[in-house]
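Structure at a glance
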Amino acid sequence: MAQANREYLEQFRVTPAGQNLLRTIRYAEGTNNDSPYNTFYGGGKFDDLSRHPDKVITKGRYSSSAAGAYQFLTPTWQSVKNELGLEDFGPESQDIAALRLAQKRLKGIGGLETVRNEGLSKRVAASLSPEWASFPTESGKSYYGQPVVSLEELQTRYSMKPPVAGDEAPPTESQ
């Protein structure tokens, strides 16, 4: 089942819905720069994409091992890497891992197909807020009490690029 799910995630990754969601998460996490995949928490850069850097960075009163385009904490990365059999911390692996985390968070409302059908609706954003603290909950606040990007701003970012032909026949999702 893990292999079938990974194939689904790889296929979803290249759809407009997948690309829009990934771009929006990078934006919310502050990694929408020229090299998002090698960004530490706090904005510093690292060079080795063969593995998660597993380095705790302190910025102000906060410390975190978050790294990469989607700011994976070390234990979160290790878990999803092992689940999906990812071999490195490269861009494709990070994208697939982020989609797997989103898929898990969205399971109760229809999985990634909900993103395809609704875009970044309020309930999609709220469902993702426990995974990415920069996403707003239903009440518009951060799940963790951290700074949050407004739903309107995220929806604008999500819809910046028009859909591309070929997104009409989605693969079947297996949770």
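So, here's what we can say about the structure. Predicted model, so just to flag it, every value in this text is computed and none were measured. (Residues numbered from 1 in each chain as written. Predicted model: local features only at pLDDT ≥ 70, side-chain atom pairs only at ≥ 80, totals over all residues. Heavy atoms only, no water.)

**So, the overall build of the chain**
Where we set the bar: Counting from the N terminus, the helices are DSSP H or I runs at least four residues long and the strands are E runs at least two residues long. Here, residues are in contact when the closest pair of their heavy atoms is within 4.5 Å. Computed with the Shrake-Rupley method and a 1.4 Å probe, the accessible areas treat only the protein chains shown as cover for residues.
Each helix and strand counted, the chain has seven helices and two strands in total. Start at the N end of the chain and walk to the C end: the helices and strands fall as α-α-β-β-α-α-α-α-α. Contacts in the chain between residues far apart in sequence, at least 24 positions, make up 57% of those at least 6 positions apart. When the accessible surface of the chain is split by element, carbon and sulfur atoms take 50% of a total near 8700 Å².

**Remarks on the packing of aromatic side chains**
The following threshold applies: Under the pairing criterion, centres of Phe, Tyr and Trp rings, with the six-membered ring standing for Trp, must be within 6.5 Å; the plane angle then separates stacked pairs below 30 degrees from edge-to-face pairs above 60, leaving the rest tilted. Between buried and exposed lies partly exposed: a residue is buried under 20% and exposed over 50% of the maximum accessible area for its type, with that area taken using a 1.4 Å probe on protein chains only.
Evaluation of the coordinates by the stated rule reveals 10 aromatic pairs. When the centroid spacing of 4.7 Å and the interplanar angle of 85° are considered together, the rings of tryptophan 77 and phenylalanine 89 count as edge-to-face. Here tryptophan 77 is found in helix H3 (residues 74–84), whereas its partner phenylalanine 89 is found in the loop between H3 and helix H4 (91–106), with 12 residues between them in sequence. Side by side, tryptophan 77 and phenylalanine 89 carry an identical accessibility label, which is buried. Through a chain of ring-to-ring contacts, three or more aromatic side chains come together here, namely Tyr37, Phe40, Phe46, Tyr70, Phe72, Trp77 and Phe89.

**What about the layout of surface pockets?**
Formally: Only protein atoms enter the 1 Å grid, on which a cavity is a set of points fitting a 1.4 Å probe that cannot get out and a pocket is an open set with protein on both sides within 12 Å along at least 5 of 7 lines, lining residues being those with an atom within 4 Å of a point. Grid points are joined across faces, edges and corners, and a volume is the space filled by probe spheres set on the points. As a working rule, the residues Ala, Val, Leu, Ile, Met, Phe, Trp, Tyr, Cys and Pro are called nonpolar, Asp, Glu, Lys and Arg charged, and the rest polar, with Gly in that last group.
In this structure, the largest pocket occupies an estimated 810 Å³ of space. What lines the largest pocket is a set of 30 residues, and nearest its centre among them are Glu29, Tyr41, Gln71, Ala133 and Gln146. No other element matches the three residues that strand S2 (residues 62–64) contributes to the lining of the largest pocket. Residue composition of the lining of the largest pocket, by class: 16 nonpolar, 11 polar and three charged.

**Quick notes on H3**
The criterion, for reference: The arc in question is traced by the directions running from the helix axis to the C-beta atoms.
Three or more residues of H3 are buried, namely Thr74, Trp77, Val80 and Leu84. An end-on view of H3 places all buried positions within 140° of arc, on one side of the element. Projecting away from the buried face of H3 at angles above 90 degrees are the exposed residues Pro75 and Asn82. Two residues or fewer past H3, glycine 85 is found with a positive phi of approximately 70°.

**Concerning unusual backbone geometry**
The backbone of aspartate 54 sits at a positive phi, close to 50°, despite the residue not being glycine. Mapped onto the elements of the fold, aspartate 54 is located in the loop between helix H2 (16–28) and strand S1 (57–59). Positive phi is not limited to glycine here, since glutamine 71 has a value of about 50°. Within the secondary structure, glutamine 71 sits in the loop between S2 and H3. Judged by relative accessible area, glutamine 71 falls into the buried class, the value being 12%.

**Here's the deal with the environment of glutamine 155**
With respect to the secondary-structure elements, glutamine 155 resides in helix H7 (residues 151–158). Sequence separation of glutamine 155 and serine 121 is 34 residues, and the distance between their C-alpha atoms is 7.6 Å. Ignoring anything within four residues of it in the chain, the contact list for glutamine 155 reads Leu120, Ser121 and Lys122.

**Examining H2**
Operational definition: For a helix, the expected span equals 1.5 Å multiplied by the number of residues minus one.
With 13 residues, H2 should reach 18 Å at 1.5 Å per residue; the first-to-last C-alpha distance of 18 Å fits that figure. In terms of burial, H2 is largely enclosed, as 12 of its 13 residues are buried. For H2, the set of buried residues is Pro16, Ala17, Gly18, Asn20, Leu21, Leu22, Arg23, Thr24, Ile25, Arg26, Tyr27 and Ala28. Looking one or two residues past H2, glycine 30 carries a phi angle of roughly 80°, positive in sign.

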